[in-house]
Structures are given as structure tokens and as C-alpha cells.
Amino acid sequence: MNRGIIGAVIGDIAGSRFEWHNIKTKDFDFLTHTCRFTDDSVMSLAVGKAILSCKRGNDLSIETIHWMQELGRKHPDAGYGGHFQRWLTTKNPKPYNSFGNGAAMRVSACGFIAKSLEEAKKLSKAVTEVTHKHPEGLKGA
């Protein structure tokens, strides 16, 4: 696992207690007993698993769907939105045109594995468009 993925997960955990209670200061305890991992950590790890387990010639999008559903179903209370919660439990999930920030929150593994900016963009698109088919969602990722 690379520093980017580790940083994303640590940031997710440290910021979890502020998700619905925003603050405007840098003066706070980094980690407290109220911190926890969220859907963003679970999906970051799922994307990483998909990239690492995808064999040459296989479809990364299909691998991503598999691992998102596999890990997401194991952590049903991680904080998924309603559309994504339904997507996780659907037998044949389709993109639901989301443009939320979830796409950007889970793509750190793409930067880890890519050998160029263009490859990072290609990987990011493949792992994002399985849910976030909206142009703004893809752009955010």
C-alpha cells in the first residue's frame, strides 16, 4: 500500500467526526475515540484491491464493481449514500449518474499504480464510471 492510500485513509478517519459538524480551525486533536473509518476508506481499499488483482486484459471496471460490492457489503454502516447503498446490493449494478465527491475520495490507488498522468486519468475513469457517470463526477476523480 502506498503513502497516498494510507494518507487518504488516515485523513478519512481523522476527519470523520467533522463530516456533519464542520470546523474552521486547525486546532483540534488529531485522533479521538469518536473517529472511525468511513465509506471513503472502504472504497479506497476496494479500488486498490481491484487494481492490484486485475490481470492484464481483464476489465478493471468489472474488477472494481466486484471489490466495491465485496468490501462494501462487509461494512454496511460505513456511511454510504442512499443511491450507493442500493448499488452495493444490486445483482447487476449500473452507474447512477452521480456527481458526488465519492469519486474523488476513492481514486488514490490510481495515482499509485499509474506510470503517467494519462494512465492515472484512464485508471481513474475506469474505477469511477461504474457509479459516477456524470461528467462532473468523472472530472472530480
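Residues numbered from 1 in each chain as written. Predicted model: local features only at pLDDT ≥ 70, side-chain atom pairs only at ≥ 80, totals over all residues. Heavy atoms only, no water.

Participant: Help me understand the environment of K49, please; the structure alone is not making it clear to me.
Facilitator: Mapping K49 onto the fold places it in helix α2 (residues 39–53). Separated by 60 residues in the primary sequence, K49 and A109 have C-alpha atoms spaced 8.8 Å apart. (Helix = DSSP H or I, 4+ residues; strand = E, 2+ residues; numbered from the N terminus.)

Participant: Honestly, the nonpolar core in this entry has me stumped. Any pointers?
Facilitator: Burial of nonpolar side chains together is a common tendency in soluble globular proteins. One finds V47, L60, M68, Y80, W87 and C110 to be the most contacted residues of the largest nonpolar core, which totals 26 residues. Those elements that place two or more of their residues in this core are α2, α3 (60–74), α4 (82–89), α6 (108–113) and α7 (117–128). Sorting elements by how many residues they give to this core places α2 first, with 6 residues. (Core = buried A, V, L, I, M, F, W, Y, C linked by side-chain atoms within 4.5 Å. Buried < 20%, exposed > 50% of the residue type's maximum accessible area, 1.4 Å probe, protein only.)

Participant: Explain the confidence of the model for the protein chain here, please?
Facilitator: Interpretation of the predicted coordinates at a detailed level should be avoided for regions scoring low in pLDDT. Per-chain confidence: the protein chain averages 87 in pLDDT, with 96% of residues scoring 70 or above. Averaged over each element, pLDDT in the protein chain is lowest for helix α8 (residues 135–140) (73) and highest for α3 (95). (pLDDT = per-residue confidence, 0-100.)

Participant: Got a minute to help me understand the pattern of salt bridges in this structure?
Facilitator: One side chain can pair with another of opposite charge once the charged atoms of both are near each other. Using the criterion set out here, one finds 3 salt bridges in the structure. Salt-bridge contacts for K74 lead to E70; the nearest nitrogen and oxygen are separated by 3.6 Å. Pair noted here: K74 and E70 are both in helix α3, with a separation of 4 residues, about one helical turn. Here K125 makes a salt bridge to E129, at a shortest N to O gap of 3.0 Å. (Salt bridge = Lys/Arg side-chain N within 4 Å of Asp/Glu carboxyl O.)

Participant: Would you take a moment to explain the packing of aromatic side chains for this structure?
Facilitator: Given two aromatic rings, their pairing is described by the distance between the two centres and the angle made by the two planes. Under the counting rule described, the total for this entry stands at 3 aromatic pairs. Considering the side-chain rings of F18 and F28, the 5.1 Å spacing of their centres and the 75° angle between planes classify their relative orientation as edge-to-face. One end of the pair, F18, is in the loop between α1 (3–15) and α2; the other, F28, is in the loop between α1 and α2, and 10 residues separate them in sequence. According to the relative accessible area criterion, F18 is buried, its value standing at 17%. Accessibility expressed as a relative area gives 37% for F28, which makes it partly exposed. An angle of 35° between the planes, with centres 5.5 Å apart, marks the rings of Y80 and F84 as tilted. Members of the aromatic cluster, joined through ring pairs, are Y80, F84 and W87. (Phe/Tyr/Trp six-rings, centres within 6.5 Å; stacked < 30°, edge-to-face > 60°.)

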